[in-house]
Amino acid sequence: MKLNKLFLMLTFLVLLGTTAFAQVTWYVNNQIGNDGRNGLSATIPTPDDGVTGPKKTIGGPQGAIASSNPGDVIVVVYTGTDYGTLTGEPATITVDKQLTFQSTGGTVGISSIFEVATGALANKAIFNSGAFNLKGGLTLTSGTLDNPSGLVTVSGGTVTVA
């Protein structure tokens, strides 16, 4: 009997451990999104449940970065409008953990400063699918930015490595 309980407990811990590290994909759309939504779907369902759908901001207080965990993926939708203070983004979008960024629909413009944050070398922004134009500049204060396919351009602001 004790062996069965031990087996069940170990099975539960293994299952808990594998789900705790599952990668999550977050969706951001500065036109139809809302940071009050769960960010786990690129679209809003019909009928609208008020919960499911994309986030509005990448770096807002309840945006995709704030909701994410290290290792997650953030898919940013090209809407024709840059992601910046006029669409609810903070003046600086700060990456404070390892995240992968992808864009869909076209080259996503980001007019806020994009910063890979202070704190740890584990902070990393990986751009591996779709194109981004960091119009507000790029700041690397700690951590790294991976741009393996040349998907990121910086066309405005400054590039600062501190």
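As the structure is a prediction and not an experimental result, all values here were calculated from the model. (Residues numbered from 1 in each chain as written. Predicted model: local features only at pLDDT ≥ 70, side-chain atom pairs only at ≥ 80, totals over all residues. Heavy atoms only, no water.)

K.L.:
How do you make sense of the packing of aromatic side chains when you look at a structure like this?
P.N.:
How two aromatic rings sit relative to each other is given by the distance of their centres and the angle of their planes. In this structure the tally under the stated criterion is four aromatic pairs. Taken together, a centroid distance of 5.6 Å and an interplanar angle of 55° make the contact between F114 and F127 tilted. Within this pair, whereas F114 is found in strand β6 (residues 113-116), its partner F127 is found in strand β7 (residues 124-129), the two being separated by 13 residues in sequence. The two residues F114 and F127 agree in class, both being buried. Between F127 and F132, the ring centres sit 5.0 Å apart and the planes meet at 70°, which makes this aromatic pair edge-to-face. Taken as a pair, F127 and F132 share a single burial class, namely buried. Put simply, the rings of F101, F114, F127 and F132 pair up and form one aromatic cluster. (Phe/Tyr/Trp six-rings, centres within 6.5 Å; stacked < 30°, edge-to-face > 60°. Helix = DSSP H or I, 4+ residues; strand = E, 2+ residues; numbered from the N terminus. Buried < 20%, exposed > 50% of the residue type's maximum accessible area, 1.4 Å probe, protein only.)

K.L.:
Looking at this structure, I do not really get the environment of L99. What am I missing?
P.N.:
Topologically, L99 is positioned in strand β4 (residues 98-104). Judged by its relative accessible area of 0%, L99 falls in the buried class. Once you skip the residues sitting within four places of it in the chain, L99 turns out to touch I65, S68, N69, D72, I74, K124, A125 and I126. (Contact = heavy atoms within 4.5 Å.)

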